[in-house]
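Here is what each chain is made of, one letter per residue.
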Amino acid sequence: MKNSINLLLFAVSMLVFISCNKDDESNEETINPEEYNFYLSEVSREGIEEVQTYAYNSLGQQTEMYYEDQNGDVIYSEHDYDNKGNLDYEFYQGYKFFQSNEFFYENGMMTGAKTSYQTDTSDLCVYEYNGKDSYVMNCNTSGAGTYYSNYEIELDRDTEGNIIYYKMIDTDNNKLVREVIFNYENGNLVVVHDQTNDELYEFIYDDQPNFITYSAFRDYSILSTTANITGMSSYLIDFKDIFTPLPEFSSWRNTNNPVSVTLNGEIFQTWSYEYNNLGYPTEYELGDDAATYELVYQAIKK
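These lines cover the structure that appears in this document, whether it is placed above or below. (Residues numbered from 1 in each chain as written. Predicted model: local features only at pLDDT ≥ 70, side-chain atom pairs only at ≥ 80, totals over all residues. Heavy atoms only, no water.)

Quick look at unusual backbone geometry now. At N174, a residue that is not glycine, the phi angle is positive and equals roughly 50°. With respect to the helices and strands, N174 occurs in the loop between strand 12 (163-170) and strand 13 (175-185). For N174, a relative accessible area of 70% puts it in the exposed group. Not every positive phi belongs to a glycine, and D198 is a case in point at roughly 55°. Mapped onto the secondary structure, D198 falls in the loop between strand 14 (188-194) and strand 15 (199-205). Judged by its relative accessible area of 54%, D198 is exposed. (Helix = DSSP H or I, 4+ residues; strand = E, 2+ residues; numbered from the N terminus. Buried < 20%, exposed > 50% of the residue type's maximum accessible area, 1.4 Å probe, protein only.)

On to the state of the cysteines, then. This model, assessed by the stated rule, comprises one disulfide. Put simply, C125 and C139 are joined by a disulfide, and their sulfur atoms are 2.1 Å apart. Sign of the S-S torsion, about 115° for the bond between C125 and C139, identifies this disulfide as right-handed. A residue pair is termed long-range when its members are at least 10 positions apart, and C125 in strand 9 (residues 122-129) and C139 in strand 10 (residues 134-143) qualify at 14 residues. We classify C125 as buried; its relative accessible area is 10%. (Disulfide = S-S within 2.5 Å.)

Listed below in structure tokens is the structure:
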């Protein structure tokens, strides 16, 4: 709750909320983009009284996400950081699950992580890091019986520190579990190649500022799975075993907005946007979905 208190105090003194309604751009014209950073604060679907909200700290790091559907069911998340800005705790509450993630550091280097996931079964996974490019994962799953699994993970990074290769081996059976390649271009994730399942996803982007300023890879909300609000494909949620122990994925933000993604050369998803005077999307439509999604931002002084 300390983040919530700090956020409230900060909001009183520092935050400026910007209407992204295309019919009311007066607020946008009063904001100097040289003095402020802009963060997505609300997403809503036209014709449905449901709003998903995001909150941030003074560094622009996501601290909360909250969503309540028309039936009163709630999905939310909390994110805490240490005094050096490192993500050290996350909690997610979904419709039928909850998950908590803890991260541990020493001398600025991540040394381990622990995640607990509860549905009809209970999973507890512990991660131990060997430097920044490999770690081991040991999991205990209980429910209809109890079993243990052990893995080794190998990572490669580019010169900017972005993860470009991920390989997971089941050390109990010496079996390849997953092998994924990530490619980046101009600050955008342009390729995700799941070699294990022979699936190649390729993204194309516009040239405007990206509206996804929250933890896109860790968004477990209903909007992410039904509306692809993350701006990525909902299939990325299936890769949570990759993203959970790697907090750098929580802070990854593309430079621009995706306009299309193909799966093995065939169109998989498309996006179309309307923009405000600052170039940020104010509305978008998702593929053949007739619904329009409206976006609201907040400005945090640099």
